[in-house]
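# Structural characterization, general
Each chain is listed here by its residues.
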Amino acid sequence: MEPITSVHELEELIGLPLERVRRKVRTSLSDFDRQWLAASPFCVISTANAQGRVDASPKGDPAGFIHVLDDFTIAIPERPGNKLAFGFHNILENPNVGILSVVPGRTDTLRINGTAKLVRDADFFDHMVVKGHRPRVAIVVSVDEVFTHCGKAFMRSGLWEPDSWDIAGLPSIATLSKTYVQPDTPLADLEAYYGPAYAERMYRE
């Protein structure tokens, strides 16, 4: 293994970005960015604590769930989950975040970097109600950088190409839960729990 230990070494290997690529990095949301966020039902938000320990957390809701407050501010609602809240703890220690917003079928993505804070309530929470459930917390992000990322990674991976999908050998979520979380619970009970009714409980638990 040959480690890279300097910026000079890195730039010699991968080169420098073209000026037109540098220009795509903006400091506020454009109308096109707003359209993208209105169509996006999914994002991943990365955080790090004071020591630099990193977490990446998926967030998903009906398209448009990332609420645009103005050209410099967005808000992401939290929904019921496992309550580990690694990302929330990180934001309390270190406000810097990175967001990768995805639109199904599109190979490009929208990236937003900025600083975040946690909010327990605000008027805009009324616009984040899904299936009658109002979020208890939202991540409010002040935008520092926003740019469109080209689709090469999605194209190489074939992410949106069903013929390339191969999940037959993967364990079910029920199997994973029995292995790591609830070893004393019968597998049949876990399969029933994670069955069709699971989606209906997603905003309640």
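Residues numbered from 1 in each chain as written. Predicted model: local features only at pLDDT ≥ 70, side-chain atom pairs only at ≥ 80, totals over all residues. Heavy atoms only, no water.

For the chain, the count of helices and strands is seven helices and seven strands. Shown N-terminal to C-terminal, the secondary structure of the chain runs as helices and strands in the order α-α-α-β-β-β-β-α-β-β-β-α-α-α. Along the three orthogonal principal directions, the C-alpha set of the chain runs to about 55 × 50 × 40 Å. In the chain, which comprises 205 residues, the proportion classed as buried is 31%. Sequence-distant contacts in the chain: of pairs separated by 6 or more residues, those separated by 24 or more amount to 62%. Side-chain charges in the chain split into 22 positive and 27 negative, and the spacing between the mean points of these groups amounts to 3 Å. (Helix = DSSP H or I, 4+ residues; strand = E, 2+ residues; numbered from the N terminus. Buried < 20%, exposed > 50% of the residue type's maximum accessible area, 1.4 Å probe, protein only. Contact = heavy atoms within 4.5 Å. Lys, Arg positive; Asp, Glu negative; His and termini not counted. Charge placed at Lys NZ, Arg CZ, Asp CG, Glu CD.)

Side chains of residues three or four places apart in an α-helix project in the same direction, reflecting 3.6 residues per turn. Restricting attention to buried positions, one finds in helix 3 (residues 31-39) the residues Asp33, Trp36 and Leu37. Each buried residue of helix 3 lies within a common arc of 95 degrees when the element is viewed along its axis, so the set occupies one face. Structural note: helix 3 exposes Asp31, Phe32 and Gln35 on the side pointing more than 90 degrees away from its buried face. For helix 3, the secondary structure elements touched by its buried residues are strand 3 (67-70), strand 4 (73-77), strand 5 (96-102), strand 6 (109-119) and strand 7 (138-149). (Arc of directions from axis to C-beta.)

What the rule picks out here adds up to seven salt bridges. Close ionic contact of Arg34 with Asp71 constitutes a salt bridge, the shortest N to O distance being 2.8 Å. Here Asp71 lies in the loop between strand 3 and strand 4 and Arg34 lies in helix 3, a separation of 37 residues in the sequence. Since its relative accessible area comes to 33%, Asp71 is described here as partly exposed. Of the charged contacts in the structure, one is a salt bridge between Lys59 and Glu78, with a shortest N-O distance of 2.7 Å. Of this pair, Lys59 sits in strand 2 (residues 54-60) while Glu78 is found in the loop between strand 4 and helix 4 (86-93), placing the two residues 19 residues apart along the sequence. (Salt bridge = Lys/Arg side-chain N within 4 Å of Asp/Glu carboxyl O.)

Worth remembering: the numbers are spatial, not functional.
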